[in-house]
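# Coordinate analysis (summary)
Listed here are the chains, written in short residue letters.
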Amino acid sequence: MMERVKVRAWIETIGEQLHTEPVRKALTAAASFVMGLICSRGLMFGKYAPFGIAAVAAAPRGGLWAGAMGAFLGYLLPSPVYVPARYAAALVAVTAIRWALSELKTVNSHQLFAPAAAFLPLLLTGMTMVFLNGSVSYTAALYVAESFLGAGSAFFLKRTANILTGLENREGPRNRTVFDTGDIAAVSVSVGVVLLAFSDVSVMGVSVGRILLVLLVLCCARAGGIAGGAVAGVAAGAIQGMATAGLSYLSGAYGLGGLMAGVFAPMGAVAAAAAFIISHGVASLQVGAGGTQIFTGSIEVAVATVAYMLIPRSRRLGELFGVRPDTLSGGALRGNIVMRLRYAAQALLSVSDSVDEISKKLSVVCAPNLQGVYNKSTETICAGCGMSGVCWRKYKDQTLDNFAQLYRPLKEKERLETSDFTKEFSGRCCRVGEMRDEINKNYARYLMKEAAELRAAQVREVVEGHFHTTAGILEEMAGEFSMYQRFDEEAAGRVAAILRESGVMPLEVCCRVDRFGRMTVEAEISRERQRRLNRAAFTREVSEACGRVFAPPCVSSADDRCRLQMCQRPQLQIGRGFSQYCAGGGAFCGDSTNVFYDGCGRLIAVLSDGMGTGGRAAVDGAMTSAMAESLLKAGIGFDSMLETVNSALIAKSGDESLATMDVACIDLFSGKTEFLKAGAACTVLRKGRHSELIEASSVPVGIMPGVEFAGTERELDVGDIIVMVSDGVVAAGSEWLIDLVMAWDEEENPNLLAQRITDEARKRRSDGHEDDVTALVLVVQ
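What counts as what
- Residues numbered from 1 in each chain as written.
- Predicted model: local features only at pLDDT ≥ 70, side-chain atom pairs only at ≥ 80, totals over all residues.
- Heavy atoms only, no water.
- Helix = DSSP H or I, 4+ residues; strand = E, 2+ residues; numbered from the N terminus.
- Buried < 20%, exposed > 50% of the residue type's maximum accessible area, 1.4 Å probe, protein only.
- Polar contact = N/O pair within 3.5 Å; in protein donor to acceptor, adjacent residues only side chain to side chain.
- Core = buried A, V, L, I, M, F, W, Y, C linked by side-chain atoms within 4.5 Å.
- Pairing = 2+ DSSP bridges.
- Axes fitted to C-alpha atoms, helices over the stretch in contact; angles between N-to-C directions.
- Contact = heavy atoms within 4.5 Å.
- Salt bridge = Lys/Arg side-chain N within 4 Å of Asp/Glu carboxyl O.
- Parallel < 35°, antiparallel > 145°, perpendicular 65-115°, else oblique.
- Nonpolar A, V, L, I, M, F, W, Y, C, P; charged D, E, K, R; others polar.
- Phe/Tyr/Trp six-rings, centres within 6.5 Å; stacked < 30°, edge-to-face > 60°.
- Left-handed = near helix turned anticlockwise from the far one by under 90°.
- pLDDT = per-residue confidence, 0-100.

### Some points on the side chain of S625
Looking at the element boundaries, S625 is found in helix α26 (residues 614-633). By relative accessible area, S625 is classed as buried at 1%. Of note is the side chain of S625, whose polar atom sits 2.6 Å from the side chain of S592. A distance of 3.1 Å separates the side chain of S625 from the side chain of N594, its partner in a polar contact.

Right, here's the structure in full:
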């Protein structure tokens, strides 16, 4: 046992040393020297050897001189090479080109640099031989062909070197390189070039190099399947066919054998080997090869297949060749993430816009300043008065003085009494009481507008300082992306085509499938110069194109872009009922509700109750529910949404402001429902003939930092009912509410139940105070 531990420790030490920079440089130099030496011994057309030049042109930067020395030594050794001195000159030229341009990283990194560095010296030295010897045109053509072969070999050798460098620099299974067909071709050609040096090494006419080439094809077929076997077979056959006269049939024999071996590789090594042997034999007979060639070729194939069956299957090699069909597309994933983050950022930036919109609505009915209060009041009261000319012409100065002195009582009491007017004005004006009431009404609206503008400023100030909320949002979105199993780019292409046919040009389309097998479609389009999209027809066409039934799209907008999101049609639907009463019959209600689909198969209902009644409560309630809907539609989670809304409502100065938040989120596929409450009133849940009162102790938003939801989950089924109410409904208790919900007939319209709840709540209020009353009914259908 101790010996095993020592051996393992020794192996780990050796592995660590191999990753050090000096050892890497030494290994690079040694590998380049060996490659230069071996490649220079490979022949084409029986007497041409361009592969040593190609090896030096493709050598890594740290192995240039070692590769040049190896190739030079290989060309000096005795061989059938025609005029070895020519290759020595070409070797000096390619080395000089590489050294002179070594500092130009842009040029060195270009994929055509190595082929060009090999092509030019081979072509120039070959043409020099043509001019010196007065060679015929056929010989010149051979030199040109040799130059192109050298350039092509340099391209594949360089790509193989990059692959090996990438494997060396990657650690761990997640960073492992996966070969594509181009990589397989590059490795096959590179190994074939190396094995050319052993083609002339034979035993009784059986070539060792060709045995190794067949073994290479079979291994590629096992690891890479049809693509690996076919590419490796064609590459190995082409190299061997051009290397030796009379063996051109190997191009077809190796290519067909590799293809069939890849087809039968899943059935086992024996099936793949048998397929290669039969295919090689058929191809050899088809081209009419000589009997001796067929015999020696069969022996070579037989030896290679026996060696192949003795080699164990390598899981690591299979992972390198195996391209997983469900691998996430980098382009689709990147585009989808950018789109989602953009909308999340836009939702954050537009948080205060909800308040601005409400402020604009209030400004329509409110005076801009105190002088506007007076002007609006006099326009209403004095316009139809017969004494208007007396007050505003004869006694204009006294009338203006009267309004000027009203500033102090308005500021102190926020309303006027008849005694606050001057005696002269009161004695002269026959409608002084109506003027008092009109000024009080307009001043109250003016204060409401001022409060809304102050709240908007506070929202912007608070939100801009809470950058940690953004981190939480991004983390939640990352968790959501981790649920995606794959991206269907074919379906995305079909959806994009449907949009274009409908006259809508998509900017980005993504179809993703989650771990439950449900597909979600997201599309981003520009809002400018687009035709109006028929939602029903679009949903039907997308369903047919994707082979799934989709629900209508959820649409959200940001600046000049629009986002469509649609999921598969769920099993459940929700019927809705709503009723609301404003305290005192006023124009503004502090309760606000939003019910919407998030585009992921969930229905979300939000009910917010602003503190108090009237305009300020309406601002807080409407802002809370509007921000919640905007953030949730953008894909932001409930916790981050609550933190954002809470930050917006917290006032660093001014009067206290708060709002409750009641959320019900129903998964329309499974019926799973989340009930989330932040200071909200109870919710009544009816399941069959049983009822449950869902309550949770929590704090409203806008009071303090760090507010959290109090939540619970339930499983709903068809016929179940959810009743969400504001605190004005249960001010006199909740027992009557449960009885009313249990007595409701499912055949009736849910709006009738909501109306009964608000009417009964108003009747039961006996404490002398009025509050806003809201009831929202959700029925699972």
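### A short note on the nonpolar core
Counting 38 residues, the largest nonpolar core has I53, V56, Y87 and V94 as the members making the most contacts within it. In terms of residue count, helix α3 (residues 51-58) provides more of this core than any other element does, 7 residues in total. In terms of nonpolar packing, the next biggest core, distinct from the first, is built from 24 residues, I604, L632, M641 and A678 among them.

### A word on the sheet that holds strand β8 (residues 574-581)
Backbone-to-backbone hydrogen bonds pair the strands of a sheet. The strands run either parallel or antiparallel. Here we have 5 strands laid out as an open sheet, ordered β8-β17-β16-β13-β14, and antiparallel in their pairing. A single partner strand is all that each edge strand has here, and the edge strands are β8 and β14 (690-694). With strand direction ignored, the average angle separating the axes of adjacent strands in the sheet is 15°. Here 4 bridges tie strand β13 (residues 683-687) to strand β16 (residues 721-725), and the two strands are oriented antiparallel to one another. When the bridges of β16 are listed, V684 appears paired with V723. Seen against the sheet, helix α28 (residues 735-743) touches β13, β14 and β16 and runs at an angle of roughly 35° to β13.

### Re the pattern of salt bridges
Under the defined criterion, the tally for this structure stands at 9 salt bridges. Notably, a salt bridge pairs K672 with E713, separated by 3.5 Å at the nearest N-O pair. Of the two residues, K672 sits in strand β12 (residues 672-678) while E713 sits in strand β15 (residues 710-715), which places them 41 residues apart along the sequence. According to the relative accessible area criterion, K672 is partly exposed, its value standing at 35%.

### Points about the side chain of Q565
Its place among the elements puts Q565 in strand β7 (residues 561-567). Engagement of the side chain of Q565 in a polar contact is seen with the side chain of R563, the distance being 2.4 Å.

### As for the packing of α3 against helix α5 (residues 84-100)
Running from N to C, α3 and α5 point in directions that differ by 10°, and their axes come no closer than 10 Å. As the angle between them shows, α3 and α5 are arranged roughly parallel. On the side of α3, the interface is formed by I53, V56, A57 and A58, while α5 contributes Y87, A90, L91, V94, T95 and R98. Taken together, the residues that form the contact of α3 with α5 break down as 8 nonpolar, 1 polar and 1 charged.

### Describing the sheet that holds β12
The 5 strands lie next to each other as β9-β10-β11-β12-β15, forming an open sheet whose pairing is antiparallel. Of all the strands in the sheet, just β9 (591-597) and β15 have a single pairing partner and so form its edges. Neighbour-to-neighbour, the strand axes of this sheet turn through a mean angle of 10°, independent of strand direction. Pairing analysis gives 6 bridges linking β12 to β15, with the strands arranged antiparallel. Bridge pairing in β15 places L676 opposite G711. Its contacts with the sheet put helix α27 (residues 638-649) on β10 (602-610), β11 (659-667) and β12, and the angle it makes with β11 is roughly 160°.

### Overview of the packing of aromatic side chains
One pass over the structure, following the stated rule, counts 2 aromatic pairs. Between F119 and F148, the ring centres sit 4.9 Å apart and the planes meet at 50°, which makes this aromatic pair tilted. Here F119, found in helix α7 (residues 113-133), pairs with F148, found in helix α8 (residues 137-169); they are 29 residues apart in sequence, far enough to count as distant. In this structure F119 comes out as buried when scored by relative accessible area, which is 19%. Assessed through its relative accessible area of 54%, F148 is described here as exposed. Aromatic side chains F155 and F156 sit 5.5 Å apart centroid to centroid with 80° between the ring planes, which places their arrangement in the edge-to-face category. According to the relative accessible area criterion, F155 is partly exposed, its value standing at 26%. Assessed through its relative accessible area of 25%, F156 is described here as partly exposed.

### With respect to the environment of N594
Tracing the backbone through its elements, the reader meets N594 in strand β9. According to the relative accessible area criterion, N594 is buried, its value standing at 16%. As for N594 and A626, which are separated by 32 residues in sequence, their C-alpha atoms are 7.4 Å apart. Within the structure, N594 has its side chain in polar contact with the side chain of E629 (distance 2.5 Å).

### Some words on the packing of helix α2 (residues 21-39) against α3
In the contact formed by α2 and α3, the axes pass within 7 Å of each other and the chain directions differ by 160°. Judged on the interaxial angle alone, α3 and α2 are roughly antiparallel. Where α2 crosses over α3, the two elements pack in a sense that is right-handed. Residue-level inspection shows M35, G36 and C39 of α2 in contact with α3, the latter providing F51, G52 and A55. Across the contact of α2 with α3, the residue classes break down as 4 nonpolar, 2 polar and no charged.

### With respect to the environment of M724
As for its position among the elements, M724 is in strand β16. The class for M724 is buried, based on a relative accessible area of 1%. Sequence separation of M724 and L685 is 39 residues, and the distance between their C-alpha atoms is 8.9 Å. Those residues in contact with M724 that lie beyond four places of it in its chain are A605, L607, D662, V663, A664, T683, T774, A775, L776 and L778.

### Considering the environment of R765
As for its placement among the helices and strands, R765 is situated in the loop between α29 (750-764) and β17 (773-780). For R765, a relative accessible area of 24% translates into the label partly exposed. With 35 residues separating them along the chain, R765 and V730 place their C-alpha atoms 9.1 Å apart. Not counting residues up to four positions away in its chain, the partners in contact with R765 are G728, A731 and D771.

### Examining the confidence of the model for the protein
Chain-level statistics for the protein give a pLDDT mean of 75 and a share of 77% at 70 or above. Mean pLDDT values over the elements of the protein span from 52, in helix α14 (residues 315-321), up to 92, in β16. Within the model, the stretch residues 168-177 combines pLDDT values under 50 with 12 contacts to residues more than four positions away or in other chains. Counting contacts from residues 323-331, a segment whose pLDDT is below 50, to residues more than four positions away or on other chains yields 11 contacts.

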